[in-house]
Amino acid sequence: MAKGIIIREAHFPGKAPIEAYGNGGFRFADMSHRGSLLVLPSGIHGWEPADPLALRAADFDKLFAEAGNVEILLIGMGKDLRPLPAALRAAFKEAGISADPMSTGAAVRTYNVLLAEDRAVAAALIAVD
């Protein structure tokens, strides 16, 4: 008996450069994903922050679980740069993670360079149109 479509959490179990971004999503590892991404040492995850315009620590639970493997977090804030809330900056500092907000395009480019250098980098990338 057919069970129908099974929807699973979007996850690519590995490291891969981001090949393209825009049109509401990203391309990487010969695949595409619509929506935002959380790129961690454990892999690339679909990511849906509660409010992309007001990020909070709970949006980064998966990152904090891997904090020992991350030195730098690049946060692609969309088309425009916005400052991180003070509470979120404090949570990153407590976890020993240097967080750098920037536009999503800049974050993608910087992530690819740091990944190629084998740095302990992660990225939170808000999708742009």
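Refer to the structure printed above.
Throughout what follows, the structure given in this document is the object of discussion. All of these numbers come straight from a predicted model, not from anything done at the bench.

Definitions and limits used
- Residues numbered from 1 in each chain as written.
- Predicted model: local features only at pLDDT ≥ 70, side-chain atom pairs only at ≥ 80, totals over all residues.
- Heavy atoms only, no water.
- Buried < 20%, exposed > 50% of the residue type's maximum accessible area, 1.4 Å probe, protein only.
- Helix = DSSP H or I, 4+ residues; strand = E, 2+ residues; numbered from the N terminus.
- Pairing = 2+ DSSP bridges.
- Polar contact = N/O pair within 3.5 Å; in protein donor to acceptor, adjacent residues only side chain to side chain.
- Phe/Tyr/Trp six-rings, centres within 6.5 Å; stacked < 30°, edge-to-face > 60°.

**Focus on the pairing of strand 9 (residues 121-125)**
Piece 1. Here strand 9 lies mainly inside the structure; five of its five residues are buried.
Piece 2. Both faces of strand 9 are covered, namely the face carrying Val121, Ala123 and Leu125 and the face carrying Ala122 and Ala124.
Piece 3. The pairing of strand 5 (residues 36-40) with strand 9 spans three bridges and is classified as antiparallel. Across the sheet, the residue bridging to Leu37 is Leu125, located in strand 9.
Piece 4. Bridge count between strand 7 (residues 72-76) and strand 9: five bridges; the pairing is parallel. Of the residues in strand 9, the one forming a bridge with Ile72 is Val121.

**Considerations on unusual backbone geometry**
Piece 1. The residue Asn23 is not glycine, and still its phi comes out positive at about 55 degrees.
Piece 2. Among the structural elements, Asn23 can be located in the loop between strand 2 (18-22) and strand 3 (25-28).

**Here's the deal with the environment of His45**
Piece 1. Of note, His45 is situated in strand 6 (residues 43-47).
Piece 2. Exposure remark for His45: the relative accessible area of 9% places this residue in the buried category.
Piece 3. Linking His45 and Pro83, residues 38 residues apart in sequence, is a C-alpha distance of 23 Å.
Piece 4. Reaching out from His45, the side chain makes a polar contact with the side chain of Ser42 at a distance of 3.4 Å.

**Notes on the packing of aromatic side chains**
Piece 1. Throughout the structure, instances matching the rule amount to three aromatic pairs.
Piece 2. Centre to centre, the rings of Trp47 and Phe60 are 5.4 Å apart; their planes meet at 50 degrees, and the pair counts as tilted. Of this pair, Trp47 sits in strand 6 while Phe60 sits in the loop between strand 6 and helix 1 (61-65), placing them 13 residues apart in sequence. The same class applies to Trp47 and to Phe60, which are both buried.
Piece 3. Considering the side-chain rings of Phe64 and Phe92, the 5.6 Å spacing of their centres and the 35 degrees angle between planes classify their relative orientation as tilted. Pair noted here: Phe64 is in helix 1 and Phe92 is in helix 2 (residues 86-94), with a separation of 28 residues, a long-range link.
Piece 4. Through a chain of ring-to-ring contacts, the aromatic side chains of Trp47, Phe60, Phe64 and Phe92 assemble into a single cluster.

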